[in-house]
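Given next are the chains, with one letter for each unit.
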Amino acid sequence: MKIVECVPNFSEGRNRSVIKSITDAIESVQGATLLDVDPGAGANRTVVTFVGDPVAVSQAAFLAIARAAELIDMSAHRGSHPRMGATDVCPFVPVSGVTTEECVEMARALGRRVASELGIPVYLYEDAASSDGRRNLADIRAGEYEGLERKLADPAWRPDFGEPVFNARSGATVIGVRPFLIAFNVNLNSDRREDARELALSLRERGRFRRDADGLKVPDGKGGFERVQGILERCKAVGWVIPEYGRAQVSMNLTDHRVTGMHRAFEATDELARGRGLRVTGSEIVGLVPADAVVESGRHFLARRGACRGVPARKAIDCAVQSMGLADVAPFDPAQRVLELRLAPRGLVSMDLDTFSAELSTDSPAPGGGSVAALAGALCASLVSMVANLSFAKKKDPALRGEMERVALDAQRLREGLLSAVDRDTGAFNLVMEALRLPHATDEQAAARADAVARAVMGATTVPLEVMQMGVEALELVLVVVHKGSRGSITDAGVGGLVGRACVAGARMNVLVNLKGLADGEFSSAARSRSSELMRRADELGVAIEEALEKHLA
């Protein structure tokens, strides 16, 4: 799934009808899912969170900015929060299947469109910034709306998109890209704010002021004071007490979980707490969290207890929930709190075996052989992971255990990709059928239909090609576990080899039948050549697996 989060902040937190009109614009876009609306009357500001695929999120963001420009007059705005525009800031956050670079392109495209179609000056910030001096939102927003006209007159602050002309009604908008921010709180067996505050000062990246023997701040000779840096990078933290829980908490914002993950923050807090005679009782996540962050933490704790990390994502998530006590003070339902699980479509892979096979057995052309080929590949990868996990538990050699764990992790990646292709193959076929149903009575209609059919067929060819590639990679792993895995599971690996080869051969049939519907050209030639190359490799691997099995079973 390609998922991008967008968290625009609008300069209206009191008029509910204005806020609803903005969120209605977001929800009007198919593929954009509104997750949260958080208005603040004192700040006179509303933070909105929505997610979806890149195209839907980009369109929803533009419509929301346009609606805010229509309904919010900045010349009459008053509020406690710093701001410079009707849509003050609009960050894109890559969540799943999307790179930072792709989100940067989204930010630039949106900035260009907002400036040209709405006449609003746009600045880019954080990962989308045009220069280091514009990375920090606070620097861009300095002077706020009241100082914007003067700022625009300064050549050093020419907007990244649009003319340096003051838009009195809408102000300016800052668009950017940032990592996912995880609001992560660690609970203590204390009800004293000071306990949590002391831990927060030692943990947060900014740290604390250095003090002398008398407790006074130590000057840095530059007009400020020296600081002692905290333990955790990309971490902001405060200490407080939550009355309804009766607990002190270290409340953290992890601004890049790739640098400091939840497990690292949890363990660092626990270590410091023990040094002060305290204990960590659990933790909580505020809002939603991307799957990879929770899976990474779960796999960390699996490794801590000597277990293999190559397990399904859901099992790793369950381990994270247990290990960090995520349900300590409030329920934690992964299906609602983990973004990808909450947004997962109810497709073929969510069916039980009986329902799927029943659906397959009807006269409907989809799901069909393409989906079954992908499913066969997923079963191959599952068997590989099973054998690798069993072998990890039985092998004594650290190097061999490490190799089995790497195989299991790779197999899990392939299993997830191939399961995704079960639905993607059916979806691609349905797009071909939709294109074939387009009108073609006139020359213009016929040309548009032919173009739509060609594009749909290319998409329907790309999916089984990807399945072939993943199937070959799974067969490579089968060969590893046949040679190096536990002897007691060798027949499981052998069955994996059989269904893996069926995956590749079945997917190739779909590639070739789709290519019959395309005119010969560069795409067709490349797809035909690639499918032949992958099939040859699958055949080679199949023979090697069979020979190894015969040797071991003789």
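In case you missed it, the structure is sitting above this.
In this report, we go over the structure that sits alongside the text.

Criteria and cut-off values
Residues numbered from 1 in each chain as written. Predicted model: local features only at pLDDT ≥ 70, side-chain atom pairs only at ≥ 80, totals over all residues. Heavy atoms only, no water. Axes fitted to C-alpha atoms, helices over the stretch in contact; angles between N-to-C directions. Helix = DSSP H or I, 4+ residues; strand = E, 2+ residues; numbered from the N terminus. Parallel < 35°, antiparallel > 145°, perpendicular 65-115°, else oblique. Contact = heavy atoms within 4.5 Å. Nonpolar A, V, L, I, M, F, W, Y, C, P; charged D, E, K, R; others polar. Buried < 20%, exposed > 50% of the residue type's maximum accessible area, 1.4 Å probe, protein only. Pairing = 2+ DSSP bridges. Phe/Tyr/Trp six-rings, centres within 6.5 Å; stacked < 30°, edge-to-face > 60°. Lys NZ or Arg CZ within 6 Å of the ring centre and 35° of its normal. Salt bridge = Lys/Arg side-chain N within 4 Å of Asp/Glu carboxyl O.

1. Describing the packing of helix α8 (residues 291-304) against helix α9 (residues 313-323)
When two helices pack together, their arrangement is given by the angle between the helix axes and the distance between those axes. Two elements in contact, α8 and α9, have axes whose closest approach is 7 Å; the angle formed by their N-to-C orientations is 75°. On the basis of their axis angle, the class for α8 and α9 is roughly perpendicular. Every residue of α9 that contacts α8 at V294, V295, S297, G298, R299, F301 and L302 is listed here: A313, A316, I317, C319, A320 and S323. Classifying every residue of the contact of α8 with α9 by side-chain character gives nine nonpolar, three polar and one charged.

2. Observations concerning the pairing of strand β1 (residues 3-6)
Where burial is concerned, the two faces of β1 agree: the one with I3 and E5 and the one with V4 and C6 are both buried. Pairing between β1 and strand β5 (residues 87-96): four bridges, direction antiparallel. The partner of V4 across the bridge, within β5, is P94.

3. Points about the sheet that holds strand β8 (residues 182-188)
Taken in spatial order, the four strands line up as β11-β12-β8-β13 in an open sheet, and their pairing is antiparallel. Edge positions in the sheet fall to β11 (235-242) and β13 (280-286), since each of these pairs with one other strand and no more. The average angle at which neighbouring strand axes cross in this sheet is 25°, direction not considered. Relative to strand β12 (residues 247-254), β11 is paired through eight bridges, and the arrangement is antiparallel.

4. Re the packing of aromatic side chains
Counted under the stated rule, the structure contains four aromatic pairs. On the numbers, 6.1 Å between centres and 70° between planes, the contact of Y123 with W157 is edge-to-face. With a gap of 34 residues between them, Y123 in strand β6 (residues 122-126) and W157 in the loop between α5 (148-152) and β7 (173-177) connect regions that are remote in the sequence. For Y123, a relative accessible area of 0% gives the class buried. Seen in terms of ring centroids, F209 and F225 are 6.1 Å apart; in terms of plane orientation they differ by 80°. Their pairing is edge-to-face. With F209 in strand β9 (residues 208-209) and F225 in the loop between β9 and β10 (227-228), this residue pair connects regions lying 16 residues apart in the sequence. Judged by its relative accessible area of 28%, F209 falls in the partly exposed class. The cationic tip of R113 hangs over the ring face of F62; the distance from NZ or CZ to the ring centre is 3.7 Å. It is K151 that lies over the ring of W157; its NZ or CZ is 4.3 Å from the centre.

5. What about the pattern of salt bridges?
When their charged atoms lie close together, side chains carrying opposite charge are able to pair. According to the stated counting rule, one finds 32 salt bridges in the structure shown. A salt bridge links E403 to K484, with the shortest nitrogen-to-oxygen separation between them at 3.0 Å. Of this pair, E403 sits in helix α14 (residues 398-436) while K484 sits in helix α15 (residues 443-484); the two residues are 81 residues apart in sequence, bridging distant segments of the chain. Between E533 and R530 there is a salt bridge, and its shortest N-O distance comes to 2.7 Å. Here the residue E533 and the residue R530 both occupy positions in helix α17 (residues 522-553), the gap between them amounting to three residues, near one helical turn. The partly exposed category is assigned to R530, whose relative accessible area is 30%. Through salt bridges with shared partners, a single network forms among R45, D88 and R141.

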